[in-house]
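# A structural walkthrough
Listed below are the residues making up each chain.
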Amino acid sequence: MQIKEESSFLFLFGRQVFRIVFSLFYRWHIEGVENVPKSGGAIIAPNHMSFFDPPLAGSAMKRPLYFMAKKELFDIPIFGWIIRRTNAFPIKRDSQDMSAMRHAFSLLEQGHLLLMFPEGTRSKNGRLGKARTGSGMVACNAQVPLIPVKIENTNLMLKFKQIRIKYGTPIYPPKSFTKKDYVGLSQKVLDAVSKM
């Protein structure tokens, strides 16, 4: 059964604005939205090329999407206030931020969708980067699926290239795992993205 998820006015308004922008100016093409679970916790796991990847991934789906953002962004006047009210929460990138991790696990336990990049950071050349432990670790410990997502051309926004986004079939974590499985699971997602 699908549970109705509440969203703030700012999130809904922002999503609609991005939908209009991506549609009118970038002729976005969306595939595979049916692969996103209709309910329950899951990690949306795209490749990462641009600051526009989070709003793109969230705008192409019906369900609300939550995401981590570096803590420094929340210190920016007005902007920090806005992103905090559009489902973002801060994470300290230079340390093990247990508070952010606990919040991530709480969101998944409550049945929400969480955005995490298997590469951990943006690619500077448009190619897939190295798999990091983050998304695999969270998926294993929360026992939620990862949805591989291929994003194309958000690194070429100024050239107004057509943006494409494709959601792949869910990848489930092993029931029994060790820390060595974290990177392996993240890599499995990136391998799926490369084949999409």
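Attention in this report is confined to the structure presented alongside it.

The rules behind these values
- Residues numbered from 1 in each chain as written.
- Predicted model: local features only at pLDDT ≥ 70, side-chain atom pairs only at ≥ 80, totals over all residues.
- Heavy atoms only, no water.
- Pairing = 2+ DSSP bridges.
- Helix = DSSP H or I, 4+ residues; strand = E, 2+ residues; numbered from the N terminus.
- Axes fitted to C-alpha atoms, helices over the stretch in contact; angles between N-to-C directions.
- Contact = heavy atoms within 4.5 Å.
- Expected span 1.5 Å × (residues − 1).
- Buried < 20%, exposed > 50% of the residue type's maximum accessible area, 1.4 Å probe, protein only.
- Arc of directions from axis to C-beta.
- Polar contact = N/O pair within 3.5 Å; in protein donor to acceptor, adjacent residues only side chain to side chain.
- Patch = residues over 30% accessible without salt bridge, like charges linked within 9 Å, V, L, I, M, F, W, Y side chains within 5 Å.
- Areas by Shrake-Rupley, 256 points an atom, 1.4 Å probe, with all protein chains shown as cover.
- Salt bridge = Lys/Arg side-chain N within 4 Å of Asp/Glu carboxyl O.
- Lys, Arg positive; Asp, Glu negative; His and termini not counted.
- Charge placed at Lys NZ, Arg CZ, Asp CG, Glu CD.
- Core = buried A, V, L, I, M, F, W, Y, C linked by side-chain atoms within 4.5 Å.
- Phe/Tyr/Trp six-rings, centres within 6.5 Å; stacked < 30°, edge-to-face > 60°.
- Lys NZ or Arg CZ within 6 Å of the ring centre and 35° of its normal.

### Section: the sheet that holds strand S5 (residues 113-115)
Strands sit in the order S1-S7-S6-S2-S5-S3-S4 across an open sheet of seven strands; the sheet is mixed. Of all the strands in the sheet, the pair left with one neighbour each is strand S1 (29-31) and strand S4 (88-91). Each strand axis lies, on average, 25° off the axis of its neighbour in the sheet, ignoring direction. One ladder, built from four bridges, connects strand S2 (residues 42-46) with strand S6 (residues 146-152); its direction is parallel. Counterpart to Ile43 in the pairing with S6 is Leu146. Those strands touched by helix H4 (residues 98-109) are S2, strand S3 (65-70), S4 and S5, and its axis lies near 150° from that of S4.

### Comments concerning H4
Side chains three or four residues apart in an α-helix point the same way, a direct result of the helix having 3.6 residues per turn. Its 12 residues place the ends of H4 16 Å apart at the C-alpha level, agreeing with the 16 Å of an ideal helix rising 1.5 Å per residue. Regarding H4, the residues found buried are Ala100, Met101, Ala104, Leu107 and Leu108. Buried residues along H4 cover an arc of 125° about the axis, so they all sit on one side. Exposed residues lying more than 90 degrees from the buried face of H4 are Arg102 and Glu109. Residues of H4 that are buried make contact with S2, S3, S4, S5 and helix H5 (134-142).

### What about the side chain of Arg63?
Assignment of secondary structure puts Arg63 in the loop between helix H2 (53-59) and S3. On the basis of relative accessibility, which here comes to 7%, the residue Arg63 falls in the buried class. Within the local environment of Arg63, its side chain forms a polar contact with the backbone oxygen of Pro37, the two atoms lying 2.9 Å apart. Among the polar contacts listed, one links the side chain of Arg63 to the backbone oxygen of Gly111, at a separation of 2.7 Å.

### Let's talk about a positive patch on the surface
A grouping of Lys70, Arg93, Arg122 and Lys124 is seen on the molecular surface, where their side chains present a positively charged patch. Within the fold, Lys70 resides in strand S3. For Lys70, a relative accessible area of 30% gives the class partly exposed.

### What about the nonpolar core?
By size, the foremost hydrophobic cluster in this structure holds 27 residues, and its most contacted members are Ile44, Ile165 and Tyr167. Mapped by element, the contributors of at least two residues to this core are helix H1 (9-26), S2, H2, S3, S5, S6 and strand S7 (164-167). Formed by 22 residues, the second largest nonpolar core is a distinct cluster that contains Ile91, Ala104, Ala139 and Ile171.

### A word on the packing of aromatic side chains
Scanning the model with the defined rule gives five aromatic pairs in all. Between Tyr26 and Phe160, the aromatic rings sit 5.3 Å apart at their centres with planes inclined by 15°, giving stacked as the arrangement. Of the two residues, Tyr26 is situated in helix H1 and Phe160 in the loop between S6 and S7; the sequence distance between them amounts to 134 residues. Taking relative accessible area as the criterion, Tyr26 reaches 8% and is therefore assigned buried. A relative accessible area of 42% places Phe160 in the partly exposed class. Seen in terms of ring centroids, Phe177 and Tyr182 are 6.2 Å apart; in terms of plane orientation they differ by 45°. Their pairing is tilted. Every member of this aromatic cluster is reached through a ring pair, and the members are Phe18, Phe22 and Trp28. Here the guanidinium or amino end of Arg122 rests over the ring plane of Phe51, the centre of that ring lying 4.1 Å away.

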